[in-house]
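A look at the structure
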Amino acid sequence: MPVAEPKFPQDDHAGRRSADRGATGWIARLPNLLTGFRVLVIPLMIGLLLWDGQASNQAAACLFIVAGITDVLDGLIARRYGSGTQLGIFFDLVGDKLVVAALVITMVELGWIPGWIAFGFIARELFVMGMRAYAGAQGVTVSAGQLGKMKMMWQYIGLTALIWDRVPLTWALVMFALVMTVASGLYYLVSVTRELRGRPAPDVPDPV
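In this text the structure is predicted, and so the values were computed from the model without any measurement. (Residues numbered from 1 in each chain as written. Predicted model: local features only at pLDDT ≥ 70, side-chain atom pairs only at ≥ 80, totals over all residues. Heavy atoms only, no water.)

Details of the overall build of the chain
Condition: Labels follow the DSSP assignment, with helices taken as runs of H or I lasting at least four residues and strands as runs of E lasting at least two, numbered in each case from the N terminus. Exposed residues in this analysis have more than 50% of their type's maximum accessible area, buried residues have under 20%, and partly exposed residues fall in between, with area computed by a 1.4 Å probe over protein chains only. Where accessible areas are quoted, they stem from the Shrake-Rupley method and a 1.4 Å probe; at the residue level, only the protein chains shown are allowed to cover.
If you tally the helices and strands in the chain, you get 7 helices and 0 strands. In sequence order, the chain lays out its α and β elements as α-α-α-α-α-α-α. Across the 208 residues in the chain, those meeting the buried criterion constitute 37%. Of the roughly 12700 Å² that the chain leaves accessible, carbon and sulfur atoms contribute 69%.

See below:
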């Protein structure tokens, strides 16, 4: 009669550790997958907007809301499980800006907003990305803080409302989102300038 192998407590611990590593590995990839989803739905949102029908516009608005939810979730998951990576943070930042830039450029093409509003949204993002890269090269990391998070929230609110329906209240929301966008950019400029004050100027590279 075969005798069952004895099962020791450490075997249970090893099994649990293996399962935990598998779960953690899956969760570690989830923030990047959510960021990838936001980028992949950009062409679909643009196509729905260019169709320019009520149903297609509202479908694009729903996709934009889902993109906003994934933006919140990937940050929460990365912080909760410590699964954030430098590359993941970079793609998260770029993905958010690609979504907003694609939508406002499409809205200009459709005649929904004037070009200067789109310029305000896009210029702020390019400016902050440049400042972030410059500060990082000097060994300085400055968070956009609560104002940056509020900016992103109001961008999603204002642009979603504009996609859904273009009524006077919608324009007020878009303009407020633009004000928050510019204000957060100025706040970031002041914060970076304060952190870099007193540091020697680096060598300026030749123009590319």
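Examining the nonpolar core
Put simply, the rule reads: By convention a nonpolar core is built from buried Ala, Val, Leu, Ile, Met, Phe, Trp, Tyr and Cys residues, the set being connected through side-chain atoms within 4.5 Å. Contacts are residue-level and defined by heavy atoms, with any inter-residue pair within 4.5 Å sufficient.
Core analysis: the biggest nonpolar cluster contains 27 residues, and Met-45, Phe-64, Leu-103, Val-104, Met-107, Ile-113 and Ile-163 have the highest contact counts within it. Mapped onto this core, the elements with two or more residues apiece are helix H2 (42-51), helix H3 (54-81), helix H4 (86-110), helix H5 (115-137), helix H6 (145-164) and helix H7 (168-196). By residue number, the principal contributor to this core is H4, which donates 6 residues. Each residue touching Ile-113, except ones within four places of it in the same chain, is listed here: Val-104, Met-107, Val-108, Ala-118, Leu-162 and Trp-171. Ranked by size, the runner-up nonpolar core spans 8 residues in total, among them Ala-135, Val-142, Val-192 and Leu-196.

Regarding the confidence of the model for the chain
Quick note on the threshold: Confidence of the predictor at the level of single residues is captured by pLDDT, which takes values from 0 to 100.
Taken as a whole, the chain shows an average pLDDT of 81; of its residues, 78% reach a score of 70 or greater. Mean pLDDT across the elements of the chain bottoms out in helix H1 (residues 9-40) (63) and peaks in H2 (94). Counted against residues more than four places away or in other chains, residues 14-23, with its pLDDT under 50, gives 0 contacts.

Re a nonpolar patch on the surface
The condition that has to hold: Distance thresholds for patches are 9 Å for like charges and 5 Å for nonpolar side chains (Val, Leu, Ile, Met, Phe, Trp, Tyr), applied to residues having over 30% relative accessible area and no salt bridge. For this document, the term salt bridge refers to a Lys or Arg side-chain nitrogen within 4 Å of an Asp or Glu carboxyl oxygen.
On the surface, a nonpolar cluster with roughly 430 Å² of combined accessible area is contributed by Ile-65, Ile-69, Val-72, Leu-73 and Leu-76. Structurally, the position occupied by Val-72 is in helix H3.

Looking at the pattern of salt bridges
By the definition in use, this model includes 5 salt bridges. Where Glu-125 meets Lys-97, a salt bridge forms, and the shortest distance between an N and an O atom there is 3.4 Å. Here Glu-125 is found in helix H5, whereas its partner Lys-97 is found in helix H4, with 28 residues between them in sequence. Both residues of the pair, Glu-125 and Lys-97, belong to the buried class. Taken together, the salt bridges that share partners define one network made up of Lys-97, Arg-124, Glu-125 and Lys-151.

Some points on H2
Within an α-helix, residues lying three or four positions from one another point in the same direction, as the helix has 3.6 residues per turn. Threshold: Directions pointing from the helix axis toward each C-beta atom define the arc.
Restricting attention to buried positions, one finds in H2 the residues Ile-42, Met-45 and Leu-49. When H2 is viewed along its axis, its buried side chains cluster within an angular range of 65° and face the same direction. Opposite the buried face of H2, by more than 90 degrees, sit the exposed residues Pro-43 and Trp-51. Just beyond H2, the residue with positive phi is Asp-52, at close to 55°.

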